[in-house]
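Structural description and commentary
Single-letter residue listing:
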2 protein chains.
Amino acid sequence: MMHSPELLKGTLQTILLKVLKDNGRMYGYEITQRVKELSDERILLTEGALYPTLHKLEAEGMLKTEVVTIGKRVRKYYSLTAEGKSLVKERVNELVDFIKTMSSVLKVEFA
Amino acid sequence: MMHSPELLKGTLQTILLKVLKDNGRMYGYEITQRVKELSDERILLTEGALYPTLHKLEAEGMLKTEVVTIGKRVRKYYSLTAEGKSLVKERVNELVDFIKTMSSVLKVEFA
DNA sequence: TTATATACATAATTCACTTATGTATTAGTC
DNA sequence: GACTAATACATAAGTGAATTATGTATATAA
């Protein structure tokens, strides 16, 4: 991940889950490209963070996968499970709360 | 530090600098209490993070200190140097930018 | 008198990330 | 036809900002 590096810590799961919620079924590389686009090149997910996190969310039952072969190329599509869908809401709410708290502490408007 | 723990990562310097800017000269323990109050009990700075960070900012010339003895008790007051004042602006801007980016990626309003 | 709050400090540990490395296919280009 | 860049996955080693744990000491309230 990139962009004011330290700040991104702890937001990766939230980003992955929310992008999957908004876009449905996606594969890893596709997610990196979508996030890059949505963030105007500011958030560049690194593979070393991306894949382990996807695997972890899958192991926890938040994501389900489907392997599709395109020519000789393998793609692993991820999508949210029912549990994953609740987790998205939780994570996004957490982030919104956090931002509100930071806004009070720093007396800054994030409008 | 506490509260959705991972999200706080990378925000400690920003919090310390901004609170010092807004309140002038403060000592460590006082900062923890002020942040606790401003965050409505949601951000509880831990000493293990607080003191090393204050020392680091001092070593970098961002903060200057003044030791005051109250009875037999020693207090170390911190305040911003000129360099520290520019750093506050930089850090706060970084955070605002980051929040804006997150807002685009997650399609969430932080109002 | 004894627990809690005040006040500082540092060492050991954790863990989400970055960086580095590896494999392989597909598309563009010179 | 050869080479580079983009696509697509994966994992291991290393980093660094935090937490947790520990230590010292004074002041205050029950």
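Right above here is the structure, for reference.
Below: a short report on this structure. Keep in mind that this is a model prediction, so the values were computed, not measured. (Residues numbered from 1 in each chain as written. Chains lettered and ligands numbered in written order. Predicted model: local features only at pLDDT ≥ 70, side-chain atom pairs only at ≥ 80, totals over all residues. Heavy atoms only, no water.)

1. Here we look at the side chain of Ser79 of chain B
Note on placement: Ser79 of chain B falls in strand β3 (residues 73-80). Leave out the neighbours within four places in its chain, and Ser79 of chain B touches Arg25, Met62, Leu63 and Lys64 of chain B. (Helix = DSSP H or I, 4+ residues; strand = E, 2+ residues; numbered from the N terminus. Contact = heavy atoms within 4.5 Å.)

2. A short note on the pairing of β3 of chain B
Residue and element names in this part refer to chain B. Sheet topology places strand β1 (residues 26-27) next to β3; two bridges connect them, and they run antiparallel. In the strand pairing of β3, Tyr27 is matched with Tyr77. Taken together, the eight bridges between strand β2 (residues 63-70) and β3 define a ladder with antiparallel strand orientation. When the sheet's bridge partners are listed, Thr69 is paired in β3 with Val74. Connecting β2 to the antiparallel partner β3 that follows it, the hairpin turn spans two residues, and Gly71 within it adopts a positive phi of roughly 65°. (Pairing = 2+ DSSP bridges.)

3. Here we look at the interface of chain B and chain A
Tallying the contact residues gives 33 residues for chain B and 33 residues for chain A. Carbon and sulfur atoms supply 77% of the area buried between chain B and chain A, which totals about 3,200 Å² over both sides. For the interface between chain B and chain A, the tally reads four residue pairs in polar contact (both at pLDDT 80 or more). Of all elements in the fold, only α1 (5-8), α2 (12-23), α3 (28-38) and α5 (82-106) of chain B reach the threshold of two or more residues within the side of chain B that touches chain A. Per-element accounting of the side of chain B that touches chain A gives the leading share, 11 residues, to α5 of chain B. Split by residue class, the side of chain B that touches chain A holds 17 nonpolar, eight polar and eight charged. (Buried area = accessible area lost by both parts, 1.4 Å probe. Polar contact = N/O pair within 3.5 Å; in protein donor to acceptor, adjacent residues only side chain to side chain. Nonpolar A, V, L, I, M, F, W, Y, C, P; charged D, E, K, R; others polar.)

4. Side note on the sheet that holds β3 of chain B
Residues and elements named next belong to chain B. Ordered in space as β1-β3-β2, the three strands form an open sheet in which the pairing is antiparallel. Where the open sheet ends on each side, the last strands, each with one partner, are β1 and β2. Packed on one face of the sheet, α2 meets β1, β2 and β3 and runs near 90° to β3. (Axes fitted to C-alpha atoms, helices over the stretch in contact; angles between N-to-C directions.)

5. With respect to the pattern of salt bridges
On inspection of all chains with the given rule, the structure shows 12 salt bridges over all chains. Here Glu60 of chain A ties to Lys56 of chain A by a salt bridge, and the two come within 3.6 Å at their closest N and O atoms. Overall, the relative accessible area of 37% leaves Glu60 of chain A in the partly exposed class. Across the salt bridge formed by Asp22 of chain B and Lys18 of chain B, the nearest N and O atoms sit 2.9 Å from each other. Taken as a pair, Asp22 of chain B and Lys18 of chain B lie in helix α2 at a separation of four residues, close to a single helical turn. By relative accessible area, which is 35% here, Asp22 of chain B ends up partly exposed. (Salt bridge = Lys/Arg side-chain N within 4 Å of Asp/Glu carboxyl O. Buried < 20%, exposed > 50% of the residue type's maximum accessible area, 1.4 Å probe, protein only.)

6. Things to note about the packing of α3 of chain B against helix α4 (residues 47-59) of chain B
Residues and elements named next belong to chain B. Direction vectors running N to C along α3 and α4 enclose 120°, while the axes themselves pass 11 Å from each other. With respect to each other, α3 and α4 are oriented oblique. Between α3 and α4 lies a crossing whose hand is right-handed. In contact with Gly28, Tyr29, Ile31 and Thr32 of α3, α4 contributes Leu50, Tyr51 and Leu54. (Parallel < 35°, antiparallel > 145°, perpendicular 65-115°, else oblique. Left-handed = near helix turned anticlockwise from the far one by under 90°.)

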